[in-house]
Amino acid sequence: MINNNSYGGDKKVAIIGFGPSGICSTKSAIENGLKPTVFEMSSDLGGVWSKSNRKVWDNLTTNVSRYTMSFSDFLNEETNDEPYNNNDDNSMYPHHSSINKYLNKYVDHFDLMKYVKFNSKVTRVEKVFLDNDNFKLKVSWKSINNNNKDQENLESVITSEIFDFIIVCVGIFLEPQQSELYEKELKQFTGKIIHSQDYKNNNHLEGKRVVVLGSSISACEISADVSKVSSICYHVGHDVLYVYNKHLPDRNNQLAPFDCVIYQRKEAYERQDLPREEFIRIKNEMNKLYCPKQDYDRFPNSKIAVSPESKSLGLLISSEYVDQVENGSISVFCGNQYTISSTSGKSVTFSNCKGESHTVEDIDEIIMCNGYRTDLSFFEKSILDSLDYKPLDTKRPVLLYRNTFAKDLKNIGFASFFRGLFFCEMELMTRWICLVFTGKHPYPNYYQFKNGIKDRNFKINFDNVPQFLIAGSTTHCDLVALEIGVLPDFDKLKKTDPKLYDLLWNGHFTPSTYRLVGPGSKPKLARELIEKVNNYYNVYINKINK
């Protein structure tokens, strides 16, 4: 049950999308006394985790733990029906079907389904001015037939309604980047070309020669999956990235889930507070420790060593990729802007910015892992201008303060509009948005926008745009939590409740931290979940280190 705060009165909020961010937006709206209406264009919930979604392959599992893939007041304790990946413990890294089950249970538990209009596509959002400065939002939508995608119900009736607020939850993985971007380069290829959203399994690739194009996590994971059965898999990508295993050595030199090592609060804060040069040095040391085969000084002949002149933009998470490269199943052409430069028949040529070229023959299939983009074309032009909307920018399509609010659009909020999110980041953003909408928290002021957007522009104007524009999910979550008054006072806890302090500061990252204090707090439940998650992690770590 949700504690409904009537502070929102009769204010109505339209929520576009019912994936994870739309789901927690609906709950946050109700908690703050708003009246939500959700528009979901598919026939079921979950976004990229929905049953009807085509963006996941058959054996995809998460690259962070089920506890990181939890909201703050409803723990994800779903286990997989079967082990989908022999190298992953299926109790810790959920299969995509397990995430879908969790989201459905969350929606049922908080009775959110009654607010959703499925098969409803938003076609237009316009300002309706009350006076010179204040406006409401007219949302228009139509019903679509998801069982007949060739006929998008062009004659469907358009329905409109006025709302006080909108939360945009369509995310940045809405539409695939099409191969038309490589139209000239791929024109002469006579083999098969698919986008990663159409890759389901490797059943048809036994003994085939395959090229996977892209530098994303999906390119890495799909390459690993393809290479198990193909005669050879060529992985081609602009960027060279460090590949972290899902299990890493922790400070006690025990193997632990990636989350327990990278998101641990004490160490995350220590890294965050370092001067930039020292931070870079520590980051390089971490890369060498966790990705030893990519350490050029130790393994100069490794097939994925990162040379000193390379500019690695970040990290990927995979339990199988490195082994498949080392045993020769994957041949890597990544870094220095490597891409497909030309094709002829079943011959494919890769080139980089240094003028180096490699041609491979008899390629049967090219899998395009060149990413996704969002689509905000339903907004009227004045709103798109305020957002500085760049639809082809896959990493920062809109200009937002703290990835949540746009300047001069105080009744529109955005959730899940940057890469690297896990569920509690989305949830914190939606709680912040609803607190602003109901007047319990101020909308960012002129100086916050000016300084925040200046910092944001600085980050995106590097010669090489980083894969994840937000570094450090723990400190980012804490920053948003501090903003809205739900971050515990760690110094005070150290004196008054040292056991809880130790769990939060020295233990494992837990989303329930943000339900201990402040608006929407559930301190008894939060403490119970914090203790439970820390215990689950410790039992699991002991188990895998026996």
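Structure's up top.
Residues numbered from 1 in each chain as written. Predicted model: local features only at pLDDT ≥ 70, side-chain atom pairs only at ≥ 80, totals over all residues. Heavy atoms only, no water.

(A) Focus on the packing of aromatic side chains. For the coordinates displayed, the defined rule picks out 37 aromatic pairs. Note on tyrosine 269 and tryptophan 505: the rings are 5.1 Å apart at their centroids and 45 degrees apart in plane angle, and the pair reads as tilted. Separated by 236 residues along the polypeptide, tyrosine 269 in helix 6 (residues 265–272) and tryptophan 505 in helix 14 (residues 498–505) bring together distant segments of the chain. According to the relative accessible area criterion, tyrosine 269 is partly exposed, its value standing at 21%. (Phe/Tyr/Trp six-rings, centres within 6.5 Å; stacked < 30°, edge-to-face > 60°. Helix = DSSP H or I, 4+ residues; strand = E, 2+ residues; numbered from the N terminus. Buried < 20%, exposed > 50% of the residue type's maximum accessible area, 1.4 Å probe, protein only.)

(B) Spatial organisation of the sheet that holds strand 18 (residues 347–351). In space, the three strands of this open sheet follow the order 17-18-19, with antiparallel pairing throughout. Two strands close off the open sheet at either side, each with one partner strand: strand 17 (339–344) and strand 19 (357–360). Strand-to-strand twist of the sheet, defined as the mean angle between neighbouring strand axes without regard to direction, takes the value 25 degrees. For strand 17 and strand 18, the ladder comprises five bridges, and the chain directions are antiparallel. Looking across to strand 18, one finds that threonine 343 is bridged to valine 348. (Pairing = 2+ DSSP bridges. Axes fitted to C-alpha atoms, helices over the stretch in contact; angles between N-to-C directions.)

(C) View of the packing of helix 1 (residues 20–31) against helix 10 (residues 423–437). Running from amino to carboxyl end, helix 1 crosses helix 10 at an angle of 40 degrees, the nearest separation of the two axes being 9 Å. Relative to helix 10, the element helix 1 is oriented oblique. Viewed along their axes, helix 1 and helix 10 form a crossing whose handedness is right-handed. Between helix 1 and helix 10, the contacting residues are Pro20, Ser21, Cys24, Ser25, Ser28 and Ala29 on the first element and Phe423, Met426, Glu427, Thr430, Arg431 and Cys434 on the second. Across the contact of helix 1 with helix 10, the residue classes break down as six nonpolar, four polar and two charged. (Parallel < 35°, antiparallel > 145°, perpendicular 65-115°, else oblique. Left-handed = near helix turned anticlockwise from the far one by under 90°. Contact = heavy atoms within 4.5 Å. Nonpolar A, V, L, I, M, F, W, Y, C, P; charged D, E, K, R; others polar.)

(D) Representation of helix 1 within the structure. If you check helix 1, its first and last C-alpha atoms are 17 Å apart, about what twelve residues at 1.5 Å a residue would give, namely 16 Å. Among the twelve residues in helix 1, twelve count as buried, and that is most of the element. Among the residues of helix 1, Pro20, Ser21, Gly22, Ile23, Cys24, Ser25, Thr26, Lys27, Ser28, Ala29, Ile30 and Glu31 are the ones counted as buried. At the exit of helix 1 stands glycine 33, carrying a positive phi of roughly 80 degrees. (Expected span 1.5 Å × (residues − 1).)

(E) Structural context of the packing of helix 14 against helix 15 (residues 523–544). In the contact formed by helix 14 and helix 15, the axes pass within 11 Å of each other and the chain directions differ by 55 degrees. Between helix 14 and helix 15, the angle is such that the two are oblique. Where helix 14 crosses over helix 15, the handedness of that crossing is left-handed. Contacts from Lys499, Leu500, Leu503 and Leu504 of helix 14 reach helix 15 at Arg527, Ile530, Glu531 and Asn534.

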